[in-house]
Amino acid sequence: MSADLSALPDPPQKLRRLCVVLGDQLDAESAVFDAFDPAQDALLLTEAAEEATYLAQHKKRLVLFFAAMRHFALEQAALGRPLIYRRLDGAAPAATLAESLIRAIRDFDPEEIRVAQPGDHRVLTALEAAANGAGKPLLALEDRHFLVSRARFADWFRGRKRILLEDFYRAERKRAGWLMTEDGQPVGGAWNFDKDNRKSFGAEGPGLIAPRPRFEPDPVTREVIAMVRARFAAAPGAIDGFAEAVTRADALQALEDFIANRLPRFGDHQDAMATGHVTLNHSRLSTSLNLKLLHPREVCEAALAAYAAGRAPLNAVEGFVRQILGWREYVRGIYWSLMPAYAQRNGLGAGETVPAFFWTGETEMACLADGLGGVMREGYAHHIQRLMVMGLFMMLYGARPYAAHEWHMALYLDAIDWVSLPNVLGMSQHGDEGVVGSKPYAASGAYIDRMSDHCAGCPYDPKQATGPKACPFTTLYWSFLERHEDRFKPNMRMRMQLANLARKDAEERKTIRQAEAALRRRLTV
Ligand code: FAD
Ligand code: SF4
């Protein structure tokens, strides 16, 4: 594809509709295109400087968003759709999305401004303010990308005593009819097969896993890479080796590859970790899903078809569908039901910043070095590393939940506010006091030892909380439990952990507190 964005069809002088397309809304079937008339309507896409700089972002994340936007714009132009595309390195760049919108309103006086509901409350507020200020209301249309509308989630959420993923997931499974028998029972006699999906790899390791496809940069992407190299040299993360899916065609190929090569083994080792293996049997489809290059329905249906054809087992397919129909829709519903106050929640009263080594990946802790290494190189870590290595460390350490979310937003290619915030602030940091998870995901180094091979190559010992070989996770785990002992007492799901803490006498607790203080001093130099 030519990189020439200057030859785009010109918008009409006076617009009926101005259709705002955001960087994470690259969905050709979006409601903004309904009844689109090239004679009267135009698209507006903006590489806003603020979006690239309000947080220092991973270079590959910047490349991904801008490259995907440019490809989408060129595809829309090929359909004959007029569009206004403001490049970050163009002649008239826009500092913010709002500024770009205000300029377009001034230049083209649209009768109507349409946008699919943004995935970030901050962006929605800014666009609304800009449009209202110019005397033009903003029409935020249902984002049809999702399987569950905001209204349907709100109906389910309202007045509910238990906000449990499992209840939501079962209701949606029944509604979709996925993996259901004719008499309305879950196929295989169970709603989930979690117990089959928690195996570690054992001494033989993960074995041979087909590498995921690479999408070598075309001229459009190469131009973006050059721009990011020049303008964002100080941004975190590596830029070399960028090979992410940036078009729908790429994303479809990545989906096909996952279904054929990794889905069959997705289930068994879903929670396992192995040194040097970034992807394992995970799909790596979250970026394409979140940019809206793929629809969750087609992704789930591809997995269901593999099951029907006997090409993937039930525990893998059910586990995969639950992540998308269940978790992904659930966290989005939580986000829109509780924002904007949700972002302020800090249920555990955590007050630390994110440790400095989280921005470089340089640490002697083998599990964190491996997880953070993948993040710095690829802008990716799989779920259990996010939750039980990086997330766990930040929670035990006491990082502010919103700071943890900002770190995540900065460095992961798939992070968008609606999905990062409930996962980070809620699930991993327990900052929402139990909305997303009924108990904190607190564990010592023993969990990481059980689920990975990391500890064997680490200078620390996961069993030790004190002494020169003390594992920082284990030290922080006990001090975390002690710090929040009274808070967690009413939570029956914390009973076992608190009972173990209760076995530690005053002297042992004091030694752990001293080890914790020494560790904190080490981490802040
Ligand atoms: P797979 O393991 O192959 O899973 C398949 C798909 O299921 C994913 O592509 C994703 O779309 C969906 N999914 C699975 N779990 C979740 C979940 N908890 N919430 C939403 N979708 C889910 N996911 C994001 O898309 N963006 C984020 O910013 C994000 N932040 C996270 C932060 C933390 C602390 C945690 C614990 C999880 C986060 N997740 C996030 C969820 C999940 O970890 C990622 O979706 C997943 O690791 C992406 O890799 P994958 O495509 O290989 O996923
Ligand atoms: Fe991580 Fe502790 Fe194991 Fe080292 S010993 S790899 S720090 S859990």
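Scroll up for the structure.
Asker: Sorry if this is basic, but what is going on with the site of ligand 1 here?
Answerer: The full set close to ligand 1 counts 29 residues, and His282, Ser283, Arg284, Asn290 and Tyr380 are the nearest of them. In this structure, an oxygen atom belonging to ligand 1 sits 2.6 Å away from a side-chain N or O atom of Ser283. Between ligand 1 and Leu285 there is a distance of 3.0 Å, counted from an oxygen atom to a backbone nitrogen or oxygen. Relative to its unbound accessible area of 800 Å², ligand 1 is 98% covered by the protein chains. For the shell around ligand 1, the elements supplying multiple residues, two or more each, are helix H9 (286-291), helix H11 (314-338), helix H13 (383-397) and helix H15 (417-428). The class makeup of the residues in the shell around ligand 1 is 14 nonpolar, 11 polar and 4 charged.

Asker: I would appreciate a short explanation of the environment of Ala171 in the present structure.
Answerer: Structurally, Ala171 can be placed in helix H6 (residues 165-176). According to the relative accessible area criterion, Ala171 is partly exposed, its value standing at 35%. Here the alpha-carbon distance between Ala171 and Trp156, two residues 15 residues apart in the chain, equals 9.4 Å.

Asker: I would appreciate a short explanation of the packing of H11 against H15 in the present structure.
Answerer: Packed helices, taken two at a time, are described by their axes: the angle between them and the distance between them. It is the contact of H11 with H15, at a shortest axis distance of 8 Å, that shows an interaxial angle of 90°. Judged on the interaxial angle alone, H15 and H11 are roughly perpendicular. Touching Trp327, Arg328, Val331, Arg332, Tyr335 and Trp336 of H11 are Asp417, Trp418, Val419, Leu421, Pro422, Asn423 and Met427, all from H15.

Asker: What is the right way to read empty space enclosed by the protein from this model?
Answerer: The gaps of empty space that remain are located by a probe, the size of a water molecule, rolled over the atoms. This structure, assessed with the given rule, holds 5 cavities of 30 Å³ or more. Reported here for the largest cavity is a volume of approximately 380 Å³. Every residue lining the largest cavity is counted, 25 residues in all, and those nearest its centre are Gly23, Asp24, Glu51, Phe65 and Arg122. When contributions to the lining of the largest cavity are tallied by element, the ones reaching two or more residues are helix H1 (49-53), helix H2 (59-78) and helix H4 (121-133). Top element by residues in the lining of the largest cavity is H2. It accounts for 5 residues. Within the lining of the largest cavity, the residues separate by chemical class into 14 nonpolar, 4 polar and 7 charged.

Asker: I keep staring at the sheet that holds strand S5 (residues 138-141) and nothing clicks. Help me out?
Answerer: Note on sheets: strands pair through backbone hydrogen bonds, and any given pair is parallel or antiparallel. Pairing within the open sheet is parallel, and its 5 strands lie in the order S3-S2-S1-S4-S5. Each having just a single partner strand, strand S3 (83-86) and S5 make up the two edges of the open sheet. On average, each strand axis in the sheet is inclined to that of its neighbour by 25°, with strand direction left out of account. Sheet topology note: the strand S1 (residues 17-20)/strand S4 (residues 112-116) ladder contains 4 bridges and is parallel. In the sheet register, Leu18 faces S4, and the bridge partner there is Ile113. Against the sheet, H4 contacts S1, S4 and S5, and its axis sits at roughly 150° relative to S5.

Asker: Looking at this structure, how should I read the site of ligand 2?
Answerer: By nearness alone, every residue bordering ligand 2 is listed as Met365, Ala366, Cys367, Gly445, Ile448, His454, Cys455, Cys458, Tyr460, Pro462, Cys471 and Phe473. For the shell around ligand 2, the elements supplying multiple residues, two or more each, are helix H12 (366-378) and helix H16 (445-451). Across the shell around ligand 2, the residue classes tally to 10 nonpolar, 2 polar and no charged.

Asker: Is there a simple way to explain the environment of Ala245 in this structure?
Answerer: As for its placement among the helices and strands, Ala245 is situated in the loop between helix H7 (219-231) and helix H8 (248-261). Using a relative accessible area of 9% as the deciding quantity, one classes Ala245 as buried. Separated by 178 residues in the primary sequence, Ala245 and Ala67 place their C-alpha atoms 9.6 Å from one another. Among all residues touching Ala245, those that are not within four sequence positions of it are Leu64, Phe215, Asp250, Ala251, Ser288 and Leu293.

Asker: Teacher, can you tell me more about the packing of aromatic side chains here?
Answerer: We describe a pair of aromatic rings using the distance from one ring centre to the other and the angle between the two ring planes. According to the stated counting rule, one finds 24 aromatic pairs in the structure shown. With a centroid separation of 5.0 Å and an interplanar angle of 40°, the aromatic rings of Phe258 and Phe320 are classed as tilted. Of this pair, Phe258 sits in helix H8 while Phe320 is found in helix H11, placing the two residues 62 residues apart along the sequence. With a relative accessible area of 3%, Phe320 lands in the buried category. When the centroid spacing of 5.7 Å and the interplanar angle of 85° are considered together, the rings of Trp327 and Tyr330 count as edge-to-face. One end of the pair, Trp327, and the other, Tyr330, are both in helix H11, 3 residues apart, so they sit about a helical turn from each other. Taken together, the aromatic side chains of Phe357, Phe358, Phe393, Tyr397, Trp407, Tyr412 and Phe473 make up a single cluster linked through ring pairs. The ring of Tyr54 is capped by Arg122, whose NZ or CZ atom sits 4.0 Å from the centre of that ring. Taking NZ or CZ as reference, Arg284 lies 3.8 Å from the ring centre of Tyr380, over its face.

Asker: When you look at unusual backbone geometry in this model, what are you seeing that I'm missing?
Answerer: A negative phi angle is the norm for most residues apart from glycine, just as the trans form is the norm for most peptide bonds. A cis geometry characterises the amide bond from Met339 onward to Pro340, with omega recorded as 0°. Residue placement: Pro340 occurs in the loop between H11 and H12. Phi is positive for Leu280, which is not a glycine, with a value near 50°. On the secondary structure map, Leu280 appears in the loop between H8 and H9. With a phi angle near 55°, His430 is a residue other than glycine that sits in the positive phi range. Inspection of the secondary structure assignment puts His430 in the loop between H15 and H16. Judged by relative accessible area, which is 6%, His430 ranks as buried.

Conventions and cut-offs
- Residues numbered from 1 in each chain as written.
- Chains lettered and ligands numbered in written order.
- Predicted model: local features only at pLDDT ≥ 70, side-chain atom pairs only at ≥ 80, totals over all residues.
- Heavy atoms only, no water.
- Near = heavy atom within 4 Å.
- Polar contact = N/O pair within 3.5 Å; in protein donor to acceptor, adjacent residues only side chain to side chain.
- Areas by Shrake-Rupley, 256 points an atom, 1.4 Å probe, with all protein chains shown as cover.
- Helix = DSSP H or I, 4+ residues; strand = E, 2+ residues; numbered from the N terminus.
- Nonpolar A, V, L, I, M, F, W, Y, C, P; charged D, E, K, R; others polar.
- Buried < 20%, exposed > 50% of the residue type's maximum accessible area, 1.4 Å probe, protein only.
- Axes fitted to C-alpha atoms, helices over the stretch in contact; angles between N-to-C directions.
- Parallel < 35°, antiparallel > 145°, perpendicular 65-115°, else oblique.
- Contact = heavy atoms within 4.5 Å.
- 1 Å grid on protein atoms, 1.4 Å probe; cavity = no way out; pocket = protein on both sides within 12 Å on 5 of 7 lines; lining within 4 Å.
- Points joined across faces, edges and corners; volume = space filled by probe spheres on them.
- Pairing = 2+ DSSP bridges.
- Phe/Tyr/Trp six-rings, centres within 6.5 Å; stacked < 30°, edge-to-face > 60°.
- Lys NZ or Arg CZ within 6 Å of the ring centre and 35° of its normal.

Don't take any of this as a statement about function, it's just geometry.
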